[in-house]
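This is what each chain is made of:
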Amino acid sequence: MKFRLQFGVFTALLLLLSVEIGNAQVVSSGVKTISLNATLAESISVNLSSNSVSFSLTAGSATNNGSTGVTATTSWTTTPGRTLRLYAYFSSSTAALSNGAGNNIPSADFLISDNGGAYRALTNTVAFGGAAAGLRLYNLRITGANRTGSHSDAMLFRINLSTLPQLPAGTYAGTLNIQAQVI
């Protein structure tokens, strides 16, 4: 009997407590918002495996190969619908390399083999450099699948002296520029 009385009191307390909790009102504040803005800027970069190539020239030879190849690795983050291009160019088509005394090797006699392809002369007008002094190496349409990526161009170089039979002995220097663009 004592147990039933204790159980009854305990049950009554639980019922009373549940009625009190049931009558309690929930109060919430109004909603406040935070506006978030994040920007991922477009970017493009080119890294070269080397920035120097030497040539041991043979007068009249069409196959004066460079001492080493250079790999250009282009990396990008951009938006779909654009086009990525990689260019090689000189500032002048008449003097890609010069001895400083008025004797020049034109860009038409400087050739690049890109990724094992045929050697091609720098004779095009491209987005940068001098008129008729460049070559487009790479062209890629950007889609949703490749809006971020990278591409490598393994380049070999050659100077054709078969068209310059009167070129005097000397040291010839020049600067080949490699530049990428997204348009």
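Structure first, text after, so check above.
### Quick look at the packing of aromatic side chains
Item 1. The final tally for this structure, using the stated rule, is 5 aromatic pairs.
Item 2. Each ring, one from Tyr89 and one from Phe128, has its centre 5.7 Å from the other, and the planes form 25°; the classification is stacked. Of this pair, Tyr89 sits in strand β4 (residues 83-89) while Phe128 sits in the loop between β8 (119-121) and β9 (134-141); the two residues are 39 residues apart in sequence, bridging distant segments of the chain. Assigned by exposure class, Tyr89 and Phe128 land together as buried.
Item 3. Connected via pairs of aromatic rings, a cluster forms that spans Phe55, Phe90, Phe110 and Phe157.

### Side note on the sheet that holds β9
Pairing between sheet strands relies on hydrogen bonds along the backbone, with the strands arranged either parallel or antiparallel.
Item 1. Within the open sheet, the 3 strands sit side by side as β9-β4-β11. Their pairing is antiparallel. Taken across any chain shown, the strands that pair with only one partner, and hence form the sheet edges, are β9 and β11 (177-182). Strand-to-strand twist in this sheet, taken as the mean axis angle between neighbours without regard to direction, amounts to 15°.
Item 2. In this sheet, β9 lies alongside β4 in antiparallel orientation, the contact comprising 7 bridges. When the bridges of β9 are listed, Ala88 appears paired with Leu135.

### Let's talk about the layout of surface pockets
Item 1. Taken as a whole, the largest pocket encloses approximately 470 Å³ of empty space.
Item 2. Lining the largest pocket are 24 residues; nearest its centre among them are Ser52, Val53, Phe55, Gly174 and Leu176.
Item 3. In terms of residue count, strand β10 (residues 148-159) provides more of the lining of the largest pocket than any other element does, 3 residues in total.
Item 4. Residues that form the lining of the largest pocket fall into these classes: 16 nonpolar, 8 polar and no charged.

### Things to note about the pattern of salt bridges
Item 1. Under the counting rule described, the total for this entry stands at 1 salt bridge.
Item 2. Among the ionic pairs, Arg82 bridges to Glu42, the shortest N-O distance being 2.5 Å. Here Arg82, found in the loop between β3 (70-77) and β4, pairs with Glu42, found in the loop between α1 (2-23) and β1 (43-48); they are 40 residues apart in sequence, far enough to count as distant.

Parameters at a glance
- Residues numbered from 1 in each chain as written.
- Predicted model: local features only at pLDDT ≥ 70, side-chain atom pairs only at ≥ 80, totals over all residues.
- Heavy atoms only, no water.
- Phe/Tyr/Trp six-rings, centres within 6.5 Å; stacked < 30°, edge-to-face > 60°.
- Helix = DSSP H or I, 4+ residues; strand = E, 2+ residues; numbered from the N terminus.
- Buried < 20%, exposed > 50% of the residue type's maximum accessible area, 1.4 Å probe, protein only.
- Pairing = 2+ DSSP bridges.
- Axes fitted to C-alpha atoms, helices over the stretch in contact; angles between N-to-C directions.
- 1 Å grid on protein atoms, 1.4 Å probe; cavity = no way out; pocket = protein on both sides within 12 Å on 5 of 7 lines; lining within 4 Å.
- Points joined across faces, edges and corners; volume = space filled by probe spheres on them.
- Nonpolar A, V, L, I, M, F, W, Y, C, P; charged D, E, K, R; others polar.
- Salt bridge = Lys/Arg side-chain N within 4 Å of Asp/Glu carboxyl O.

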